[in-house]
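One-letter residues, chain by chain:
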Amino acid sequence: GDGLALSRLLSEKAFRVEVWCVGDPDKASDQWRRQREILSHYPVEFVAQPKGDEYEALVDALFGVGLSRELSGIYGEAVRKFMSLAGWKLALDLPSGVDSDTGRILGCAVRADATLTFGFCKVGLMLYPGCEYAGEVEIADIGISERSFFGMPPQMYAYDEEVAALLPKRAKNGHKGTFGRLLLIAGSVNMAGAAVLAARAAYRAGAGMVKVATDAENRIILQQTVPEALLGERRQLRESLDWADVIAIGPGLGKSEEAFSCLEQVVMESRKPLLVDADGLNLLAEHPELKSALSRQGAEGRAIVLTPHIGELSRLLGESAAECGKNPALWGCELAAGFHAVVAAKDARTFVCAENQPVCVNLSGNSGMGTAGSGDVLAGVIAALLAQGMSAYKAAAVGVYVHGKAGDSVSAEIGEYSCMAGDIAQRLLQIR
């Protein structure tokens, strides 16, 4: 129906319009029949197949948001034929073949140069791979207001604000203690870089003091690369736990007995806000008793942030990575409910999930951030925001967004191929 209405409008603008109807017109909706009747008074040609192989513009109005089955038969053939034609391609509402809820491709799909979607943006236009099929997305106001939600807010949202508007306010008379003391338990033999990147990112994101508890072999490297950082002894962790406002554990930690001992102590002997990343998550997955203890603490009110990629998410849930990869938001919410925690489920799009909260999907970032150490930088950013007093949910959502914006800034300057994690940590300072 939308396609027929657009055909009429284009005809009025003196375009020569062909309309290719696919399927049985006897099964068409009443709205479609009405638009078809109106078009009978216009010089619009209805064709059984496209008459040419090149057009100034091609409009896909075959399916909208209601499609839930894979495109096959005459519809799959029509999409493939449509894509073989030369010309600029516009999709109405969303490209035919893209699942509006997940962005999944239903067998085959139109790959548009642009998509004009109506009222509000559809989730599938923002998620991979659907966003790659949508091209440039424009939202058309057609008179549908937020009143149509009937008091129920959307279940997913994204930030697009200026970074400065989201960061915690800094007291003019503040000092290093005002902006939070972060204990970072990170790094292992031959893995000093993870501790360096996380510590540097934490400082760049505004933490007042960062103490790094790491292997003795890493101490000189840290003193040379992050001289601002304090150094703590892993074998005397109790003192550092008492000192800290927030604890982060996992980047480059490894899975040694000492690493497990540190995680066990952090879980069992502290109730301070906690971020668990990387090998901290892998150790949790291997030790059900710690998982249970941390879940109880989450239920009792301990602020917990977990930052798994798809592999870590699957291990924590006991599901296959392939299954978790199909819908990271769904499984992120599952993990958040199990731990009573905030979960940043990291993928091409990262989803921040928490109980009784909408999912925050991050739209910043690019392929250049798919590089070793990028996750360590993210852990440092989120932990720093926690240390400055943000709630676990807000710190994770804003942290992921800020991290992505920094990556976008780096890639815009030097290209996605050349982006390194250290560049992202450095650029945090320059985000406005």
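Further up the page is the structure itself.
None of these values were measured; they are calculated from a predicted model.

Calculation rules
- Residues numbered from 1 in each chain as written.
- Predicted model: local features only at pLDDT ≥ 70, side-chain atom pairs only at ≥ 80, totals over all residues.
- Heavy atoms only, no water.
- Helix = DSSP H or I, 4+ residues; strand = E, 2+ residues; numbered from the N terminus.
- Buried < 20%, exposed > 50% of the residue type's maximum accessible area, 1.4 Å probe, protein only.
- Contact = heavy atoms within 4.5 Å.
- Areas by Shrake-Rupley, 256 points an atom, 1.4 Å probe, with all protein chains shown as cover.
- Lys, Arg positive; Asp, Glu negative; His and termini not counted.
- Charge placed at Lys NZ, Arg CZ, Asp CG, Glu CD.
- Core = buried A, V, L, I, M, F, W, Y, C linked by side-chain atoms within 4.5 Å.
- Phe/Tyr/Trp six-rings, centres within 6.5 Å; stacked < 30°, edge-to-face > 60°.
- Lys NZ or Arg CZ within 6 Å of the ring centre and 35° of its normal.
- Axes fitted to C-alpha atoms, helices over the stretch in contact; angles between N-to-C directions.
- Parallel < 35°, antiparallel > 145°, perpendicular 65-115°, else oblique.
- Left-handed = near helix turned anticlockwise from the far one by under 90°.
- Pairing = 2+ DSSP bridges.
- Polar contact = N/O pair within 3.5 Å; in protein donor to acceptor, adjacent residues only side chain to side chain.

Visitor: Can you help me understand the overall build of the chain in this one?
Guide: On a plain count of helices and strands, the chain comes out with 17 helices and 16 strands. Here the chain holds 432 residues, and the buried ones make up 50% of them. For the chain, the share of sequence-separated contacts (at least 6 apart) that also reach a separation of at least 24 residues comes to 68%. Summed over its atoms, the accessible surface of the chain is roughly 20900 Å², and 50% of this surface lies on carbon and sulfur atoms. Charge separation in the chain, taken as the distance between the mean sites of 42 positive and 53 negative side-chain charges, equals 4 Å.

Visitor: Just checking my understanding: could you explain the environment of Leu167 for this structure?
Guide: Tracing the backbone shows Leu167 in the loop between helix H5 (163-166) and strand E8 (181-185). For Leu167, a relative accessible area of 30% gives the class partly exposed. Distance in space between the C-alpha atoms of Leu167 and Leu385 is 8.0 Å, their sequence separation being 218 residues. Beyond its immediate chain neighbours, meaning those up to four positions away, Leu167 contacts Leu385, Met390 and Val402.

Visitor: Please clarify how the nonpolar core should be interpreted in this entry.
Guide: For soluble globular proteins, the rule of thumb is that nonpolar side chains tend to be buried together. Judged by nonpolar contacts, the single largest core of 57 residues is most densely connected at Val352 and Val377. At 11 residues, helix H16 (residues 392-414) tops the list of elements feeding residues into this core. Those residues in contact with Val352 that lie beyond four places of it in its chain are Val342, Val343, Ala344, Pro358, Val359, Cys360, Tyr393, Ala396, Ala397 and Val400. Leu127, Val267, Ala329 and Leu335 belong to the second largest nonpolar core, which has 44 residues in total.

Visitor: So what exactly am I meant to see when it comes to the packing of aromatic side chains here?
Guide: The geometry of two aromatic rings is summed up by the distance between their centres and the angle between their planes. Applying the stated rule across the entire model yields three aromatic pairs. Relative to Tyr75, the ring of Phe63 has its centre 5.3 Å away and its plane inclined at 70 degrees; by these criteria the two rings are edge-to-face. Highlighted residues: Phe63 in the loop between strand E3 (54-60) and helix H3 (73-84) and Tyr75 in helix H3, separated in sequence by 12 residues. Among the residues examined, Tyr75 registers a relative accessible area of 24% and is labelled partly exposed. Centre to centre, the rings of Tyr159 and Tyr401 are 5.7 Å apart; their planes meet at 45 degrees, and the pair counts as tilted. Residue Tyr159 is found in the loop between strand E7 (156-157) and H5, and its partner Tyr401 is found in helix H16; the two are separated by 242 residues along the sequence. Tyr401 matches Tyr159 in its accessibility class, with the two residues each being buried. For Arg36, the ring lying beneath its charged end belongs to Phe46, and the centroid distance is 3.6 Å. Above the plane of the ring of Phe179 lies Arg170, whose end atom (NZ or CZ) is 3.7 Å from the centre.

Visitor: Which parts of the structure should I look at to understand unusual backbone geometry?
Guide: Note: most peptide bonds trans; most residues except glycine with negative phi. Note that the residue after Tyr128, namely Pro129, is joined by a cis bond; omega there is 0 degrees. Counting through the fold element by element, Pro129 comes out in the loop between strand E5 (114-118) and helix H4 (130-134). A positive phi is found at Asp93, a non-glycine position, where the angle reads about 70 degrees. Tracing the sequence through the fold places Asp93 in the loop between strand E4 (86-92) and E5. The backbone phi angle of Ala278 is positive, close to 50 degrees, even though this residue is not glycine. As for its position among the elements, Ala278 is in the loop between strand E12 (274-277) and helix H10 (279-286). Judged by its relative accessible area of 16%, Ala278 is buried.

Visitor: Would you mind showing me how to read the packing of helix H9 (residues 257-269) against helix H11 (residues 288-300) here?
Guide: Any two packed helices are characterised by how steeply their axes cross, that is the angle between the axes, and by the distance between the axes. At a minimum axis separation of 10 Å, H9 and H11 run at an interaxial angle of 25 degrees. When the axes of H9 and H11 are compared, the pair comes out roughly parallel. As for the relative orientation of H9 and H11, their crossing is left-handed in sense. Contact residues: Phe260, Leu263, Glu264, Val267 and Met268 in H9; Glu289, Leu290, Ala293, Leu294 and Gln297 in H11.

Visitor: Just checking my understanding: could you explain the sheet that holds strand E10 (residues 230-232) for this structure?
Guide: In a beta sheet, neighbouring strands pair by backbone hydrogen bonds and run either parallel or antiparallel. In space, the 10 strands of this open sheet follow the order E7-E16-E15-E14-E13-E12-E11-E8-E9-E10, with mixed pairing throughout. Two strands close off the open sheet at either side, each with one partner strand: E7 and E10. The sheet contact formed by strand E14 (residues 342-345) and strand E15 (residues 351-353) spans three bridges and is antiparallel. In the sheet register, Val343 faces E15, and the bridge partner there is Cys353.

Visitor: Teacher, can you tell me more about the side chain of Asp93 here?
Guide: Here Asp93 falls in the buried class, since its relative accessible area comes to 12%. Only 3.2 Å separates the side chain of Asp93 from the backbone nitrogen of Phe118, close enough to count as a polar contact. Once residues within four sequence positions are removed from consideration, Asp93 is found in contact with Val65, Thr115, Leu116, Thr117, Phe118, Lys122 and Leu125.

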